[in-house]
Amino acid sequence: MNFEFRQKPIRFQTAFAAVLIGLMVGLVAVAVSGHDPVMVFSALLKGALGDPYAISSTLRWTAPLLISSTAAAVCFAGGMFNMGIDGQLYVGSLAGTVVGLYLSDLPGILLIPIMMAVSMICGAAWAAVPALIRVKLNSSEIVPALMMNYIGIYLTDYLVHYHFMDDSGLGLSLQTSELPRGAVFPKIIPSLQITPAILIGLLVVFLFWIIIKTSKAGYSAILSGLNPEFARYGGIDVDRTRVAVMLISGALAGLCGMVEILSIRWRYESGFAPSFGNDGLLAALLGNTTPLGALIGSFFMGALRAGSLAVERSTDVSRSLTVIIQTSIICFVSARMVSKYIGFEAAANYLSRFLKPLKKKGGDQ
């Protein structure tokens, strides 16, 4: 059976139209539920970009998504589909946290890099299983990676409950003890939620761009993803490339979870990273699996997350609005063949024709 995955390019018009229609679907759902769509949309924008605190909240959610979207984009570039980012994230972050607790006497300048390195190693190890299933058994990596999510999430819950539980608490939640205060990220601006996590996320995207655009390994990954047969003819070890991109993706997933803990949580908690894997996948797809696209897609998803939380605080509309918008965007981006029959491609082409004069006018000025 043929399990080759090839990411098809997504035009800017298609992604832009998908985002607009997804937002419209969400607002229609708000209107049907009896709420004022204009008020909810205004609260969404204000909560994402309305003031310095809102912008810092958007950046707070953007930071981990930059890493998880790059984890997804790396796999897409190499012709692999990593549906196991969430499991790799939890396994890697718990391993890094445990190391931080046992080596708490080390200074933070040494302990933080050690925790991040351990989280990346364990995340990569968790990603090795579906990668080997793909190259050794010639089976799809998608289902094994997805199932490894459940194993990883429940395994970490078990380990925390029976081995690493915080004894000082009331036992109401599955969590470890807090990391040493010297081994967590400080806030860049004390009154806002901006930490060095955003710098790490930007660095990860920049390194992704450097590797893809300038290195032999990046060229091999791109060629293996676009045309494995031609890559083999050119002397590229496609199987080794597939394993490599999967391991890198798993390492980035583990780093994503560790950065979240070092920035916000300061301890491992059960379910501390809700849907970072799925949001990263969507951000990568919206960005056409390119470094710049991952940056823009992550910022959009971060703004959507921050805005939805503000909507829930200021109105009686649930943050589930975000889920409706996200799933609608996924449907319209992925259903490009079906969209021809419902006029979606025509709408995208119309947007393209509409945007071209604006670009020319802006260039004349």
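In this text, all values refer to a predicted model and were calculated from it rather than measured experimentally.

Calculation rules
- Residues numbered from 1 in each chain as written.
- Predicted model: local features only at pLDDT ≥ 70, side-chain atom pairs only at ≥ 80, totals over all residues.
- Heavy atoms only, no water.
- Salt bridge = Lys/Arg side-chain N within 4 Å of Asp/Glu carboxyl O.
- Helix = DSSP H or I, 4+ residues; strand = E, 2+ residues; numbered from the N terminus.
- Buried < 20%, exposed > 50% of the residue type's maximum accessible area, 1.4 Å probe, protein only.
- Axes fitted to C-alpha atoms, helices over the stretch in contact; angles between N-to-C directions.
- Parallel < 35°, antiparallel > 145°, perpendicular 65-115°, else oblique.
- Left-handed = near helix turned anticlockwise from the far one by under 90°.
- Contact = heavy atoms within 4.5 Å.
- Core = buried A, V, L, I, M, F, W, Y, C linked by side-chain atoms within 4.5 Å.
- Polar contact = N/O pair within 3.5 Å; in protein donor to acceptor, adjacent residues only side chain to side chain.

**What about the pattern of salt bridges?**
So, step 1. Applying the stated criterion across every chain, the model contains 10 salt bridges.
So, step 2. A salt bridge links arginine 267 to glutamate 178; its shortest N-O distance comes to 3.3 Å. A residue pair is termed long-range when its members are at least 10 positions apart, and arginine 267 in the loop between helix 10 (238–265) and helix 11 (276–286) and glutamate 178 in the loop between helix 6 (142–162) and helix 7 (197–214) qualify at 89 residues.
So, step 3. Between arginine 265 and glutamate 260 there is a salt bridge, with its nearest N and O atoms 3.5 Å apart.
So, step 4. Assessed through its relative accessible area of 2%, glutamate 260 is described here as buried.

**Concerning the packing of helix 2 (residues 37–49) against helix 12 (residues 291–314)**
So, step 1. Packing of helix 2 against helix 12 leaves a shortest axis separation of 7 Å and a crossing angle of 120°. Classified by the angle between their axes, helix 2 and helix 12 sit oblique to one another. Considering the relative orientation of helix 2 and helix 12, their crossing is right-handed. Contacts between helix 2 and helix 12 involve Val40, Ala43, Leu44, Gly47, Ala48 and Leu49 from the former and Phe299, Ala303, Leu304, Ala306, Gly307, Ser308, Ala310, Val311 and Ser314 from the latter.

**Some remarks on helix 11**
So, step 1. Burial analysis of helix 11 places 9 of its 11 residues in the buried class, the great majority of the element.
So, step 2. Buried within helix 11 we find Phe276, Gly277, Asp279, Gly280, Leu281, Leu282, Ala283, Ala284 and Leu286.
So, step 3. Where helix 11 terminates, the next one or two residues include asparagine 288, which has phi positive at roughly 60°.

**A word on the nonpolar core**
Inside soluble globular proteins, nonpolar side chains tend to come together where they are buried.
So, step 1. Counting 79 residues, the largest nonpolar core has Ile67, Met115, Met116, Ile200, Leu255 and Leu262 as the members making the most contacts within it.
So, step 2. Top contributing element to this core by residue count: helix 3 (residues 52–77), with 12 residues.
So, step 3. Excluding anything up to four places from it in sequence, methionine 116 contacts Phe185, Ile200, Leu255, Met258 and Leu262.

**Describing the side chain of arginine 267**
So, step 1. Of the residues examined, arginine 267 reaches a relative accessible area of 12% and is grouped as buried.
So, step 2. A polar contact of 2.9 Å, which involves the side chain of arginine 267, links it to the side chain of aspartate 166.
So, step 3. Engagement of the side chain of arginine 267 in a polar contact is seen with the side chain of glutamate 178, the distance being 3.3 Å.
So, step 4. Once you skip the residues sitting within four places of it in the chain, arginine 267 turns out to touch Asp166, Gln175, Thr176, Ser177, Glu178 and Ile261.

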